[in-house]
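A look at the structure
Spelled out, the chains give:
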Amino acid sequence: MSTLVATEFCPVYAPFFGVMGATSAIVFCCFGAAYGTAKSGVGLTSMGVLRPDLIIKGIVPIIMAGIIGIYGLVVSVLIGNGFQQKMSLFAGFIQLGAGLSVGLAGMAAGFAVGIVGDAGVRASAQQPRLFTGMILVLIFAEVLALYGLIVALILNTKASTAEC
């Protein structure tokens, strides 16, 4: 009877869900980071035509978009360190949830950073007093990915307690 329970709760396909969690974390975060970088970069280059002196100041949204990709990398590595050939279905599902939480939050944050960065960089070139407001909105957009990172870290600690 104990062998039946062990194979029921620890099936051979359980690690697949953990792998999909690690993949989701890095892929979705990088989608968001790439979009944020591209969209902000377009705004930066458009602004740089008229105000090349503000290019270094306007690179802030691009840096913030890149940080989102790092969140996905961190969670992917942490999930990957928990892989085992024989693991519980519970651990696999928890790892999938951790990857999806940071990945989807990072993608949403990347979209927000890109849109705000594009419009904010162009607007701050015309009115320098808007720069502080742009930075505040970028921080609020970036923190969405940080929320996903925090949830993923908490979930991933729960996956390490699961046993077969």
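- As recorded by an unreviewed UniProt entry, the chain carries the name V-type proton ATPase proteolipid subunit and is attributed to Linnemannia elongata AG-77.
- The record in UniProt for the chain states the following under Sequence similarities (unreviewed entry): "Belongs to the V-ATPase proteolipid subunit family."

**Notes on the nonpolar core**
- Counting 28 residues, the largest nonpolar core has Met 47, Ile 68, Val 75, Val 102, Val 113, Met 134 and Leu 138 as the members making the most contacts within it.
- Of all the secondary structure elements, the ones that give two or more residues to this core are helix 2 (14-50), helix 3 (60-81), helix 4 (89-126) and helix 5 (131-159).
- Counting residues per element, this core draws most heavily on helix 5, at eight residues.
- Counting seven residues, the second largest nonpolar core, distinct from the first, contains Leu 89, Ala 91, Ile 94 and Ala 159.

**Side note on the packing of aromatic side chains**
- With the rule as written, the count across this model stands at five aromatic pairs.
- Seen from their ring centres, Tyr 35 and Phe 111 are 4.7 Å apart, and the 70° between their planes marks the pair as edge-to-face. Of this pair, Tyr 35 sits in helix 2 while Phe 111 is found in helix 4, placing the two residues 76 residues apart along the sequence.
- On the basis of relative accessibility, which here comes to 32%, the residue Tyr 35 falls in the partly exposed class.
- The rings of Tyr 13, Phe 16, Phe 17 and Phe 93 are connected pair by pair, giving a single aromatic cluster.
- Sitting over the face of the ring of Phe 131, Lys 57 holds its NZ or CZ atom 4.6 Å from the ring centroid.

**Comments concerning the UniProt feature "domain: V-ATPase proteolipid subunit C-like" (unreviewed entry) in the chain**
- UniProt's entry tags residues 20-79 and 96-155 with the feature "domain: V-ATPase proteolipid subunit C-like" (unreviewed entry), counted in the numbering of this structure.
- In residues 96-155, helix accounts for 93% and strand for 0%; the two terminal C-alpha atoms are 9 Å from one another.

**Comments concerning the UniProt feature "transmembrane region" (unreviewed entry) in the chain**
- Under the present numbering, the feature "transmembrane region" (unreviewed entry) in UniProt falls on residues 12-35, 55-78, 90-115 and 135-155.
- Along residues 12-35, the helical share is 92% and the strand share 0%, with 37 Å between the first and last C-alpha atoms.
- Span residues 55-78 is 79% helix and 0% strand, its end C-alpha atoms 36 Å apart.

**A look at empty space enclosed by the protein**
- The final tally for this structure, using the stated rule, is one cavity of 30 Å³ or more.
- Forming the boundary of the largest cavity are Met 47, Leu 54, Lys 57, Gly 58, Val 121, Ser 124, Ala 125, Pro 128 and Phe 131.
- Ranked by residues supplied to the lining of the largest cavity, first place goes to helix 4 with three residues.
- For the lining of the largest cavity, the class distribution of residues is six nonpolar, two polar and one charged.

**Considerations on the environment of Leu 50**
- On the secondary structure map, Leu 50 appears in helix 2.
- Expressed as a C-alpha distance, the spacing of Leu 50 and Leu 78, which sit 28 residues apart in the sequence, is 45 Å.

**A few points about the environment of Val 102**
- Mapped onto the secondary structure, Val 102 falls in helix 4.
- Spatially, the C-alpha atom of Val 102 lies 20 Å from that of Thr 161, the residues being 59 residues apart in sequence.
- Sequence-distant contacts of Val 102, defined by excluding residues within four places in its chain, comprise Ala 25, Cys 29, Tyr 71, Val 75, Gly 148, Leu 149 and Ala 152.

Conventions adopted
- Residues numbered from 1 in each chain as written.
- Predicted model: local features only at pLDDT ≥ 70, side-chain atom pairs only at ≥ 80, totals over all residues.
- Heavy atoms only, no water.
- UniProt positions renumbered as here; feature names shortened; annotations may be inferred.
- Core = buried A, V, L, I, M, F, W, Y, C linked by side-chain atoms within 4.5 Å.
- Buried < 20%, exposed > 50% of the residue type's maximum accessible area, 1.4 Å probe, protein only.
- Helix = DSSP H or I, 4+ residues; strand = E, 2+ residues; numbered from the N terminus.
- Phe/Tyr/Trp six-rings, centres within 6.5 Å; stacked < 30°, edge-to-face > 60°.
- Lys NZ or Arg CZ within 6 Å of the ring centre and 35° of its normal.
- 1 Å grid on protein atoms, 1.4 Å probe; cavity = no way out; pocket = protein on both sides within 12 Å on 5 of 7 lines; lining within 4 Å.
- Points joined across faces, edges and corners; volume = space filled by probe spheres on them.
- Nonpolar A, V, L, I, M, F, W, Y, C, P; charged D, E, K, R; others polar.
- Contact = heavy atoms within 4.5 Å.

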